[in-house]
Amino acid sequence: QEVHAAELERTFIAIKPDGVQRGLIAEIISRFERKGFKLVGIKVVVPTKDFAQKHYHDLKERPFFSGLCDFLSSGPVIAMVWEGEGVIKYGRKLIGATDPQKSEPGTIRGDLAVVVGRNIIHGSDGPETAKDEINLWFTPSELVAHMKSGVKVEI
Ligand code: RTP
């Protein structure tokens, strides 16, 4: 059965500075990749504090907002867009609960993190947020169009 690009769901996933600093990039990418999701955009960015505040605008009333934005802008972040059926919800499942003390073993945070302020990864929490976050972090030309098979080039 053919799936058209327009029907394919996309989500924004970021490996936060602690995940990068701890050398967990490959480990995290590998979990999404082995599940069967497709990587359609990726870059290394050091966000400014202003940019971090835009990303976390929903949390601006929370007491940890400023510290959280300082942290997100403290070093390189791996910004990614992953594509696939159910990727928004299932991506959150792969990531695990926000507080690593409550994340199940087998999840990224459950296996690899200990405290909520250093939970190594971010994932969009719904279709609207996914769209907003993808638009905030990426331009359309930075994302590949969906291809039916992995390789398109014929030689
Ligand atoms: P994320 O957006 O990063 O995937 O996390 P989330 O939806 O699971 O959690 P959310 O409530 O949106 O919080 C965003 C990030 O804020 C940090 N946080 N710190 N100090 C605290 O009590 C606290 N609570 C949340 C976490 O890094 C969380 O991922």
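For the structure itself, look to the data block above.
Residues numbered from 1 in each chain as written. Predicted model: local features only at pLDDT ≥ 70, side-chain atom pairs only at ≥ 80, totals over all residues. Heavy atoms only, no water.

Asks: Break down the sheet that holds strand 1 (residues 10-15) for me, with residues and values.
Replies: To summarise the sheet geometry, strands pair through backbone hydrogen bonds and adopt either a parallel or an antiparallel arrangement. Strand order in the open sheet formed by 4 strands is 2-3-1-4, and the pairing between neighbours is antiparallel. Each edge of the open sheet carries a strand with a single partner, namely strand 2 (38-45) and strand 4 (121-123). Neighbour to neighbour, the strand axes of the sheet diverge by 15° on average, direction disregarded. The pairing of strand 1 with strand 4 spans 3 bridges and is classified as antiparallel. Residue pairing across strands places Ile 15 opposite Ile 121, the latter belonging to strand 4. Packed on one face of the sheet, helix 2 (residues 25-35) meets strand 1, strand 2, strand 3 (77-83) and strand 4 and runs near 5° to strand 3. (Pairing = 2+ DSSP bridges. Helix = DSSP H or I, 4+ residues; strand = E, 2+ residues; numbered from the N terminus. Axes fitted to C-alpha atoms, helices over the stretch in contact; angles between N-to-C directions. Contact = heavy atoms within 4.5 Å.)

Asks: Please provide a residue-by-residue account of the site of the ligand, values included.
Replies: Neighbouring residues of the ligand: 13 residues in total, closest Lys 16, Thr 98, Val 116, Asn 119 and His 122. Arg 92 is positioned such that a nitrogen or oxygen atom in its side chain is 3.1 Å from an oxygen atom of the ligand. Protein coverage of the free-state accessible area of the ligand, which is 560 Å², stands at 76%. A total of 3 residues in the shell around the ligand trace back to one element, the largest contributor, which is strand 4. Here the shell around the ligand is composed, by residue class, of 6 nonpolar, 4 polar and 3 charged. (Near = heavy atom within 4 Å. Polar contact = N/O pair within 3.5 Å; in protein donor to acceptor, adjacent residues only side chain to side chain. Areas by Shrake-Rupley, 256 points an atom, 1.4 Å probe, with all protein chains shown as cover. Nonpolar A, V, L, I, M, F, W, Y, C, P; charged D, E, K, R; others polar.)

Asks: Go over the packing of aromatic side chains, please, and point to the residues and values.
Replies: In the structure shown here, the tally under the stated rule is 6 aromatic pairs. Between Phe 12 and Phe 138, the aromatic rings sit 6.5 Å apart at their centres with planes inclined by 65°, giving edge-to-face as the arrangement. Taken together, the residues span a long stretch of sequence, with Phe 12 in strand 1 and Phe 138 in the segment after helix 7 (127-137) at a distance of 126 residues. Comparing Phe 12 with Phe 138 shows no difference in burial state: the two are buried. (Phe/Tyr/Trp six-rings, centres within 6.5 Å; stacked < 30°, edge-to-face > 60°. Buried < 20%, exposed > 50% of the residue type's maximum accessible area, 1.4 Å probe, protein only.)

Asks: Quick rundown of the nonpolar core? Include the residues and the values.
Replies: In this structure, Phe 32, Trp 82, Ile 120 and Ile 121 are the most contacted members of the largest nonpolar core, which totals 21 residues. For this core, the elements supplying multiple residues, two or more each, are strand 1, helix 2, strand 3, helix 5 (87-95) and helix 6 (108-112). Each residue touching Phe 32, except ones within four places of it in the same chain, is listed here: Ile 13, Phe 37, Trp 82, Gly 91, Leu 94, Ile 95, Ile 108 and Ile 121. Ranked by size, the runner-up nonpolar core spans 16 residues in total, among them Phe 12, Val 40, Leu 68 and Val 77. (Core = buried A, V, L, I, M, F, W, Y, C linked by side-chain atoms within 4.5 Å.)

Asks: An account of the side chain of Glu 133 is requested, with residue identities and associated values reported.
Replies: Mapped onto the fold, Glu 133 is located in helix 7. We note that Glu 133 is buried and unpaired, the nearest opposite charge coming from Arg 92 at a distance of 7.5 Å. A distance of 2.9 Å separates a polar atom in the side chain of Glu 133 from a polar atom in the side chain of His 122. Among all residues touching Glu 133, those that are not within four sequence positions of it are Phe 12, His 55, His 122 and Ser 124. (Lys, Arg positive; Asp, Glu negative; His and termini not counted. Salt bridge = Lys/Arg side-chain N within 4 Å of Asp/Glu carboxyl O.)

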